[in-house]
Amino acid sequence: VLGNTEIPGHAPWLLKLMTAANKIPGAATAWYRLLRFQPMRRSIAGFGSCFADTDFTEGEFFDLFVRPLIDDPKVRAGQIQIAANLDFDVVHNLVAAHARIKAPVRFIWGVSDPYFPLDKARAMPDQCGGPADLVTIDPGKLFAHEEFPGLFLDYAEPTLAAGFDSAQP
């Protein structure tokens, strides 16, 4: 089960912008400091591009994912390192990786994801080496699994069950 994930041949402009900005001395630290402010968290430069309802940028999501970025230098450094090591060539080669997947695959997609657009995701089920399909969550974005966990689970469960059933002797 894959949800709003990398698409072969697609490098999101928002992600490219963030990785480029990380190369500017002090830019990443400034961005993380700005996350203290609700308008920044709800903006496209924060997490507003991840949720259909930007209220989800607060509360539990903030406590579990954003606050550690703000408060913990080790967490912040780890995230900066991930961005610094992002290799778009690996993403472009995912077609070959998809072809090696023989298990049932379900792509679950937020229809309004600005990072990984649905129209580009529609080609991925045909790349898989086994049965695959794509279902959508409307009005989900990048973190549709966080915003609509019940629906995401409803979509995921049959595919996961089929994968486990086929693995039984």
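Residue numbers run consecutively from 1 along every chain, following the written order of its sequence. In view of the model being predicted, local features appear only for residues whose pLDDT reaches at least 70, and side-chain atom pairs are presented and counted only at 80 or more, with totals across whole chains, interfaces and linings using the full set of residues. The side-chain numbers reported here are obtained from all heavy atoms of the structure, hydrogens and water having been left aside.

Draft legend 1. Just the sheet that holds strand β2 (residues 105-110), in detail. Paired strands are those between which DSSP finds at least two bridges. Each helix is a run of H or I in the DSSP string that is no shorter than four residues. Each strand is a run of E no shorter than two, and both are numbered from the N terminus. The strand order across the open sheet formed by 3 strands is β1-β2-β3, and the pairing between neighbours is parallel. Since the sheet does not close on itself, it has two edges, and those belong to β1 (2-3) and β3 (132-137), each with one partner. In the sheet, β2 pairs with β3 via 6 bridges, with the strands oriented parallel. The residue bridging I108 from the neighbouring strand is V135, located in β3.

Draft legend 2. Structural context of the nonpolar core. Among the buried residues, those of types Ala, Val, Leu, Ile, Met, Phe, Trp, Tyr and Cys that are joined through side-chain atoms within 4.5 Å form a nonpolar core. To sort residues, take the accessible area from a 1.4 Å probe on protein chains only and compare it with the maximum for the residue type: under 20% means buried, over 50% means exposed, and anything in between is partly exposed. Formed by 25 residues in total, the largest nonpolar core has its most connected members in L35, F47, V66, F107 and W109. Counting only elements with at least two residues in this core, the list comes to α2 (27-34), α4 (59-71), β2 and α8 (118-121). Here a residue-residue contact requires only that any non-hydrogen atoms of the pair lie within 4.5 Å. Leave out the neighbours within four places in its chain, and V66 touches L35, R41, F47 and F61. Counting residues in hydrophobic clusters, the runner-up holds 6 residues, among them I108, V135, A144 and A156.

Draft legend 3. Region of interest: helix α5 (residues 73-84). Under the 1.5 Å per step criterion, the end-to-end length of α5 is 16 Å for 12 residues, consistent within 8% with the ideal 16 Å. Looking at where α5 begins, the residue whose side-chain oxygen comes 2.8 Å from the main-chain nitrogen of K74 is D72. For a helix, the expected span equals 1.5 Å multiplied by the number of residues minus one. Nitrogen and oxygen atoms within 3.5 Å of one another constitute a polar contact, given that in protein one can donate a hydrogen and the other can accept it, and given that sequence-neighbouring residues count only through two side-chain atoms.

Draft legend 4. The pattern of salt bridges, seen in detail. Every case where a carboxyl oxygen of Asp or Glu lies within 4 Å of a side-chain nitrogen of Lys or Arg is listed as a salt bridge. For the coordinates displayed, the defined rule picks out 5 salt bridges. Among the salt bridges present, the one from D55 reaches R42, with a minimum N-O distance of 2.9 Å. Taken together, the positions of D55 in the loop between α3 (38-42) and α4 and R42 in helix α3 put the pair 13 residues apart, joining distant regions of the chain. For R67, the salt bridge goes to D63, with nearest N and O atoms at 3.1 Å. Within this pair, R67 and its partner D63 are both found in helix α4, separated by 4 residues, close to a single helical turn. The exposure class assigned to D63 is partly exposed, which follows from its relative accessible area of 43%. Within the structure, one salt-bridge network assembled from shared partners comprises R41, R42, D55 and E58.

Draft legend 5. How the structure looks around the environment of P139. Of note, P139 is situated in the loop between β3 and α9 (144-147). On a C-alpha basis, the gap between P139 and D113 in space is 8.9 Å, while along the polypeptide they are 26 residues apart. Not counting residues up to four positions away in its chain, the partners in contact with P139 are A52, V111, S112 and F148.

Draft legend 6. Spatial organisation of a nonpolar patch on the surface. Residues V1, L160 and F164 make up a contiguous nonpolar surface patch of roughly 280 Å² in combined accessible area. Judged by its relative accessible area of 57%, F164 is exposed. Surface patches are drawn from residues lacking salt bridges whose relative accessible area is over 30%; two like charges belong together within 9 Å, two nonpolar side chains (Val, Leu, Ile, Met, Phe, Trp, Tyr) within 5 Å. Using a 1.4 Å probe, accessible areas were evaluated by the Shrake-Rupley method; residue-level cover was limited to the displayed protein chains.

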